[in-house]
Structure formats: C-alpha cells, structure tokens
Amino acid sequence: MTSTIQWSFTATEISLIESRNRNSRLYFALLLKHYQYAHEFLKDLCSIPKQVVFEVANILNVPAVIHQPSKSSIKSFYSTIRHFFARTFSKKSDYSQLSEWISTELLTAQFLTHDDIKAQAFDYLTSKGIEPFKDKTMDRVITDAVNDYENNLFHQIHTSLSAEQNAMLNGLLLHYKSGLSLLGWIHKDFNKPCLDSMLNIMEQITLLNQLQVNLPIIDKTPRKRIAHYTESFTRLNPSDLRTMTDHNRCAYLSIYVYARKQTLLDTAIDMFNCLIKNVIHKSERRVVKKLIEGVKKVYGKDEILFNIAEVCLAEPKGTIQDSICLLYTSDAADDTPCVDLGGRRII
C-alpha cells in the first residue's frame, strides 16, 4: 500500500501536523497520509521505507526519527484524523447495514465473487464516511450476507411452488430406468449426433416440461448465479439431497430443472443442425458420385458429326454404315483420316 501513497501534503494538512508536538509530528504525518489512502491506521510505522521517512521528515523540517507516542496520544491521533477526513469508526449498526445492502441490493443485481463483493463493500463504506472493517470482520459480513440472500431466495422459490410441483420435484429421486433415478436420467448426456441421441434428448425435455417449473423469481436471478447453483447441485450426492430440508431441496431441484432445460434445448438445436448438415453432405456426395458415373466424356464428337454430315451429302442414297467403321488398333488409323475415340478410331 505504501508504494501507492502520494507522500505530499496540502497546506491544511501541514497546519494540522504542526499543531502536534514537534517530536510527534513525523509519526502523526505518516499516520495521517497512510490513513488517507488505506482507510485504516497502520500499526507498525517502521514498515514504511526509510526513504519515505526521510522525505516526509525533510518536508516537515523535523528529524527523521519516529518517536513512539503514548497510547493516549495515539488514541487522540486516531480521533483527530477521523474527524479531519469526516469518517467514523465502524460500529455494529454499520455491520448490519452493510450486510443488508449486500444481500438485498448487490447480490440481487449480479453474481460476484467474494473478492468482488469485498471491493464493492469497501467502496460503499468509504462513500458513507465509515471506516472499513478489518479483513476478518469483512469476510464475516460477506458470509452472513450471502447466507441471508440464499435463504431468502430459496424460501421464495419454495413458497412459489404448488404442492403438486413439490411432489413432482421430490419424485425426481425415484427410480426411472436403466438403473438410474429420474433425476439421473435427465442429467445423462447424449452427445453423439444421431437419431437415437435426438430421441433421448427429446424425452428428457418432455420430462422436464411436465414439471412446469417456470418461476418469475428464477427468471430474475442473475444467470451466473443460476449456473453457480447448478454446478454446486451436480456435485451433491443423492443422500445429500435426501437429508436437506424440504424447501432447500425443492429450491435446488427447481433451479437445476430450469437450467437443465435450457441446456438440453441448446443441445437439441445444435444436434439437429449437425444431423441436417450430415444428411446434406452425404446426399451431395451420392449425387456427385452418380453424376460422375453417368457422365461419359467423348473427345472429338464435333468432328465425328462433321464426317457423318459429309458422307450424307456425298452419297445421299447410300448408307452411313458402308462409309464409317470402327478400328480397334491405333496403327490402322495412322494413315487414314479418322477421329480418336478413347483408344478406338472412327473413319
């Protein structure tokens, strides 16, 4: 943090520092500037690089020696610096306020990692003029807020389900076929692009449609959070699901069913496109093969037709057969006007 601090002072800050005892000015100045950027008091000022200490001491025109004040003086420094920057010490009420803000406003709008939440919580407290909590305390605030958000979300999902939907969701844990529960069959992937896979996927989608889990509360939940809960759900064992409370189990199943249906629809569309491309490709290959087999290239056909026309004009009452014949040896045609016909000669 010290590397990002600008160790310069305004006239107002210099005036505040000079109001301290001369021996305490360097300590107070270092404490003041660090708090301005880090929003917390540095306990060990000896961790500040010596070069910085010399620069600040030179600005203040005091010896580059950090004198340790008494505990009462340090407490007074803390109070003075907080008042100077218009900040207050974080209290228990701030803890509750921050936790509520995270759970009701921050998490409902977007999915964030723990570190992202901490950064935004830090900015939130700073904007309110509240001194941020220590790291461990901040971690507890975030954990409590996330738990409150999830409990509230799962409760809303469960209360939105009818008794019939709850029963059908719990029925997913029952045996279906091929040694799998209904949930296991729906979760099974069919990735090979073939008609059997397509039929199995359509069966899975049909089973999911029967559950009729289309809840507005899930639609409003950030997509990344849905994906996060779905991934967590797939790592659970059937025994874990059975030991869950009813509202948590049904909420998890509802979220999974919602996400799984979207995945299967995308898979079905991709597989259908793949099958269509394969059919078109195979059809094109067969057509080209037939065309190649059916096309016979005869070279010199124009000259053949010209010779036939000459014979007809020379002997209108004669027959073409008497004037035109095929020779099967190339040597026989070398000295005779003829047309090459793929290894044969026509005269």
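Since the structure is predicted, the reported quantities are computational estimates derived from the model, not experimental observations.

J.: So what about the packing of aromatic side chains? Which residues, and what values?
T.: Scanning the model with the defined rule gives 15 aromatic pairs in all. An aromatic cluster is present here, built from Tyr35, Phe41, Tyr78, Phe84 and Phe85 joined pairwise through their rings. Just above the ring of phenylalanine 28 sits the side chain of arginine 20; from NZ or CZ to the centre is 5.2 Å. Taking NZ or CZ as reference, lysine 33 lies 4.9 Å from the ring centre of phenylalanine 9, over its face.

J.: Account for the packing of helix α6 (residues 114–127) against helix α7 (residues 135–160), naming residues and giving values.
T.: Contact geometry of α6 with α7 gives a least axis separation of 10 Å together with a crossing angle of 110°. Accordingly, the angle class assigned to the pair α6 and α7 is roughly perpendicular. Here α6 contributes His114, Ile117, Lys118, Ala121, Phe122 and Leu125 to the contact with α7, which in turn contributes Asp135, Met138, Asp139, Ile142 and Val146.

J.: Can you lay out the side chain of serine 103 for me, pointing to particular residues and giving the numbers?
T.: Secondary-structure assignment places serine 103 in helix α5 (residues 92–109). Only 3.2 Å separates the side chain of serine 103 from the backbone oxygen of glutamate 100, close enough to count as a polar contact. Not counting chain neighbours up to four residues away, the residues in contact with serine 103 comprise Thr108, Ala145, Asp148 and Tyr149.

J.: Please give an account of a nonpolar patch on the surface that cites residues and values.
T.: Residues Phe272, Ile276 and Ile280 make up a contiguous nonpolar surface patch of about 270 Å² in total accessible area. Among the structural elements, isoleucine 276 can be located in helix α14 (residues 246–294).

J.: Before we move on, can you summarise the layout of surface pockets with the specific residues and values?
T.: Of the voids in this model, the largest pocket is the one considered here, and its volume is about 220 Å³. Contributing to the lining of the largest pocket are 14 residues, with Leu183, Gly184, Leu236, Pro238 and Leu241 lying nearest its centre. Taken together, the elements giving at least two residues each to the lining of the largest pocket come down to β2 (180–181), α9 (182–187), α12 (223–234) and α13 (238–243). Across the lining of the largest pocket, the residue classes break down as 8 nonpolar, 5 polar and 1 charged. Together, 11 residues line the second largest pocket, and Glu40, Phe122, Pro132, Phe133 and Asp135 are the ones closest to its centre. Among the secondary structure elements, those contributing two or more residues to the lining of the second largest pocket are α6 and α7. Taken together, the residues of the lining of the second largest pocket break down into 6 nonpolar, 1 polar and 4 charged.

Thresholds applied
- Residues numbered from 1 in each chain as written.
- Predicted model: local features only at pLDDT ≥ 70, side-chain atom pairs only at ≥ 80, totals over all residues.
- Heavy atoms only, no water.
- Phe/Tyr/Trp six-rings, centres within 6.5 Å; stacked < 30°, edge-to-face > 60°.
- Lys NZ or Arg CZ within 6 Å of the ring centre and 35° of its normal.
- Axes fitted to C-alpha atoms, helices over the stretch in contact; angles between N-to-C directions.
- Helix = DSSP H or I, 4+ residues; strand = E, 2+ residues; numbered from the N terminus.
- Parallel < 35°, antiparallel > 145°, perpendicular 65-115°, else oblique.
- Contact = heavy atoms within 4.5 Å.
- Polar contact = N/O pair within 3.5 Å; in protein donor to acceptor, adjacent residues only side chain to side chain.
- Patch = residues over 30% accessible without salt bridge, like charges linked within 9 Å, V, L, I, M, F, W, Y side chains within 5 Å.
- Areas by Shrake-Rupley, 256 points an atom, 1.4 Å probe, with all protein chains shown as cover.
- Salt bridge = Lys/Arg side-chain N within 4 Å of Asp/Glu carboxyl O.
- 1 Å grid on protein atoms, 1.4 Å probe; cavity = no way out; pocket = protein on both sides within 12 Å on 5 of 7 lines; lining within 4 Å.
- Points joined across faces, edges and corners; volume = space filled by probe spheres on them.
- Nonpolar A, V, L, I, M, F, W, Y, C, P; charged D, E, K, R; others polar.

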